[in-house]
Structure formats: structure tokens, C-alpha cells
Amino acid sequence: MEKKICVITGGGSGMGLATARLMGKTHYVIICGRTVGKLQDAIKNLQKEGIECEAFPCDVGKLSSVQKLAAHASELGEVQAVIHAAGMSPHMGEAEDIMQTNAIGTIYMNTEFAKVMGEGGCILDVSSMSAYLTPAIVMPRKLYKYALEDVELFRTKINKRLRIFPKSVRPGVAYGVSKDFAIWYSKQSALMYGDKGIRVVCVSPGNFETPMGKLEEDEADKFTSHAAIKRLGKPEEIAYLFSAIVDERNGYLTGLDIICDGGVVASGVSAMTR
Ligand SMILES: NC(=O)c1ccc[n+]([C@@H]2O[C@H](COP(=O)([O-])OP(=O)(O)OC[C@H]3O[C@@H](n4cnc5c(N)ncnc54)[C@H](OP(=O)(O)O)[C@@H]3O)[C@@H](O)[C@H]2O)c1
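Residues numbered from 1 in each chain as written. Predicted model: local features only at pLDDT ≥ 70, side-chain atom pairs only at ≥ 80, totals over all residues. Heavy atoms only, no water.

Trainee: Help me understand the nonpolar core in this model?
Mentor: Across soluble globular proteins, you tend to see nonpolar side chains buried next to one another. Formed by 47 residues in total, the largest nonpolar core has its most connected members in V7, I30, L69, F113 and F154. Counting only elements with at least two residues in this core, the list comes to β1 (5-9), β2 (28-33), α3 (63-76), β4 (79-84), α4 (95-116), α6 (146-149), α7 (151-162) and α8 (170-193). With 10 residues, α4 is the largest single contributor of residues to this core. Not counting the four nearest positions on each side in its chain, F154 is found in contact with I104, I107, L143, Y144, Y146, A147 and F181. I43, L46, L124 and F242 belong to the second largest nonpolar core, which has 27 residues in total. (Core = buried A, V, L, I, M, F, W, Y, C linked by side-chain atoms within 4.5 Å. Buried < 20%, exposed > 50% of the residue type's maximum accessible area, 1.4 Å probe, protein only. Helix = DSSP H or I, 4+ residues; strand = E, 2+ residues; numbered from the N terminus. Contact = heavy atoms within 4.5 Å.)

Here's what the structure looks like:
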């Protein structure tokens, strides 16, 4: 493969698909997700636009699935960019599933791709402004270190902590915690893989016009009224940010989280604001 490879999880819809359109101008794109039909539709549309791409079904919450993806991508060519946009929101599943996809999935993606990437590579993890809006007291940050030592132990401890909360609020808490963890883990990854020449950057989006954004519409209204820009973000706006971050010309950008939320977090609003 002459072109460098860009892997996009959650590439069948929303932010991931919008990013595939931009990354496809310079890279061979592999889009991933769990729903084969969704991926196939996306590939058809991308190919009509002249983008060289393929679909690879993958569940980021399953280690063997991520290992197959990393092996396949690296057999094709040099994996320069990984845009890990797959995620589950509170309306998409139970607390443990949300934790498995958003938190454990980030561990699997960063760990497995760091093994096959090298100098000039960039992994972009996607968090959420929820990590900033959820009260810090809820975050079990003392448990995060277990993720570096023993993923199974981390999973057990964090899920046990989630069960303290009433069932009705658990998915929301799991989302905020999983995204707070993703920021922390992304920064740890930047430190772990810097010597290999791999950058790791996190982005925390606000409310965007995507299938997930639609499910969270009622909550979004509350926050956009406080924002500097009083509308939802457009998928192509965040796609532009993602593609700029992974660009090799951004070689000194690593180990940070970039909030792209139209100014919601800056307003000081919180999940507790009525
Ligand atoms: N939209 C917003 O307002 C908003 C706000 C803050 C943060 N975010 C974050 O931004 C990222 C992109 O979301 P989006 O708005 O573009 O939503 P989206 O259109 O729903 O995209 C999410 C994608 O992730 C895939 N996915 C979910 N679980 C997966 C798993 N276990 N393994 C592999 N793929 C999985 C989904 O496909 P399958 O179901 O087919 O697997 C879907 O295509 C997410 O991480 C989300 O948490 C979004």
C-alpha cells in the first residue's frame, strides 16, 4: 500500500464518518464498528466520492477483535493515524456496556495500535465534555492506575464502584466516568509511547449533530443555552479538528485533551445545573 493507513473506529456514522471523508484525501481509510450493514452503506458512499477505503467489523470492547483489526491494518501498510471515535452514550446501553466500550475499549485500542505504529504515528482518543460537566467527586480517579497494571482488576473495581449509584442514574455516571478515564488514559498513553515517536491526543466534544447527538437532544438544549456558540456542532467541524491533530505537521502536539464544545465548559455550567 503506497498510501499511509488511517483507522477510524465508529467510522460508520457521525463524527467518524465525517472524518473518513477528510482523511480519505490523503490516506487509505479503514472504518470500523459493530454493525456490518452500517459500515457497508458508509463504504458505498465514501467510494462514490473517490475515497479508497474498506470496512472492518470490530467491537472495541473485545480484545481479540481489536487485535485482529490492528493486525489487519498493519499488514496493509503503515498505520499513521488511529481515530478512536467509537463510543456509547447513556441512551445506548447499560452502565457496564458503556464502561466496556468507552473505557476498556480505549485501553485495548491504544495498547494494540501502539504495538504496530511507529515514528510519526498519532492515536486520537475521543472523550466528551461530560468528563468536565460531571462533578469531580463522582470520578473514582484512584482506581484508574489499575488500568496500567491489570485490565481485569480495573474492570472489576470500576464496575463495583458504579453499583453504588441508583440504577436510574448509572448509565449517565458510567458515561461521565468512562470519558474522564479516557482523558486520563490518553495522557498516560502519550507518556508511554512518546519514545516510539507516537503522539496520543484526546478530544472532548460538546453536543454534535450526529445519531448519538440526536439521542441526547434534550440534555443538549440545556447546555447550548449556556454556550458561547448557541447551536450544536456539525460533524464536519470536529472532523476538521481530528484530521488536523493527526497530521504529521502537528508533531509536537501530544499528551493533552482539547475541548471542542462551542464554549459550554467555559461557561461553568455543570450536569447539576437545573
Ligand atoms: N454527538 C455528541 O453530541 C457527542 C458528545 C460528546 C462526545 N461524543 C463522543 O464522540 C464519539 C463519536 O460519536 P458520534 O456522535 O459520532 O456518535 P455515533 O454516530 O453514534 O457514532 C458512534 C459509533 O461508534 C460505534 N460503536 C459503538 N460502540 C462500539 C463498539 N463497542 N465497538 C465498535 N464501534 C462501536 C457505533 O457503531 P455500531 O453501533 O455499529 O458499533 C457508531 O457508528 C463517541 O465517542 C461519543 O461518545 C459525542
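Trainee: When you look at the site of the ligand in this model, what are you seeing that I'm missing?
Mentor: Surrounding the ligand, one finds 30 residues, the nearest of these being S13, M15, R34, T35 and T210. G14 places a main-chain nitrogen or oxygen 3.5 Å from an oxygen atom of the ligand. Between the ligand and K38 there is a distance of 3.0 Å, counted from an oxygen atom to a side-chain nitrogen or oxygen. Contact with the protein chains hides 95% of the accessible area of the ligand, taken as 870 Å² for the molecule alone. Residue assignment for the shell around the ligand shows that the elements contributing at least two residues are α1 (14-23), α8 and α9 (211-215). Examining the composition of the shell around the ligand, we find that 3 residues originate from one element, α9, more than from any other. Here the residues of the shell around the ligand are counted per class, giving 13 nonpolar, 13 polar and 4 charged. (Near = heavy atom within 4 Å. Polar contact = N/O pair within 3.5 Å; in protein donor to acceptor, adjacent residues only side chain to side chain. Areas by Shrake-Rupley, 256 points an atom, 1.4 Å probe, with all protein chains shown as cover. Nonpolar A, V, L, I, M, F, W, Y, C, P; charged D, E, K, R; others polar.)

Trainee: Honestly, the packing of aromatic side chains in this entry has me stumped. Any pointers?
Mentor: By convention here, two paired aromatic rings are described through the distance between centres and the angle between planes. Tallied over the full model, the rule gives 5 aromatic pairs. Geometrically, the ring pair formed by F181 and Y185 is stacked, given 5.6 Å between the ring centres and 25 degrees between the ring planes. Taken together, the residues span about one helical turn, with F181 and Y185 both in helix α8 at a distance of 4 residues. Linked through ring pairs, Y144, F154, F181, W184 and Y185 together constitute an aromatic cluster. Sitting over the face of the ring of Y146, K157 holds its NZ or CZ atom 5.0 Å from the ring centroid. (Phe/Tyr/Trp six-rings, centres within 6.5 Å; stacked < 30°, edge-to-face > 60°. Lys NZ or Arg CZ within 6 Å of the ring centre and 35° of its normal.)

Trainee: What am I meant to see in α4 here?
Mentor: Given 3.6 residues per helical turn, the α-helix brings residues three or four places apart onto the same face. Taking 1.5 Å of rise per residue, 22 residues should cover 32 Å, and α4 covers 31 Å from first to last C-alpha, within 8% of that figure. Along its length, α4 shows its largest kink, about 35 degrees, at G105. For α4, the tally of buried residues reaches 17 of 22 residues, placing the bulk of the element in the interior. (Expected span 1.5 Å × (residues − 1). Bend = angle between axes of the 7 residues up to and from the residue.)

Trainee: Help me understand the side chain of R199 in this model?
Mentor: Relative to the assigned elements, R199 resides in strand β6 (residues 199-205). The side chain of R199 sits in the buried core without any salt bridge; D247 is the nearest counter-charge, 6.6 Å away. A polar side-chain atom of R199 sits 2.8 Å from the main-chain carbonyl oxygen of I245. Filtering out sequence-adjacent residues up to four positions away, R199 remains in contact with G121, C122, I123, I245, V246, D247, N250, G251, Y252, L253 and T254. (Lys, Arg positive; Asp, Glu negative; His and termini not counted. Salt bridge = Lys/Arg side-chain N within 4 Å of Asp/Glu carboxyl O.)

Trainee: Looking at this structure, how should I read the side chain of S130?
Mentor: Tracing the chain through its elements places S130 in helix α5 (residues 130-133). Leave out the neighbours within four places in its chain, and S130 touches Y175 and G176.

Trainee: Sorry, what's going on with the packing of α1 against helix α2 (residues 36-48) here?
Mentor: What describes two packed helices is the angle between their axes and the distance between those same axes. Look at α1 against α2: their axes get within 11 Å of each other, and the N-to-C directions meet at 25 degrees. The angle between the axes of α1 and α2 places the two elements in the roughly parallel class. Relative to α2, α1 is oriented so that their crossing is right-handed. On α2, the residues that touch L17, A20 and R21 of α1 are A42, N45 and L46. Residue composition of the contact of α1 with α2, by class: 4 nonpolar, 1 polar and 1 charged. (Axes fitted to C-alpha atoms, helices over the stretch in contact; angles between N-to-C directions. Parallel < 35°, antiparallel > 145°, perpendicular 65-115°, else oblique. Left-handed = near helix turned anticlockwise from the far one by under 90°.)

Fair warning: the whole summary comes from geometry, so function is off the table for now.
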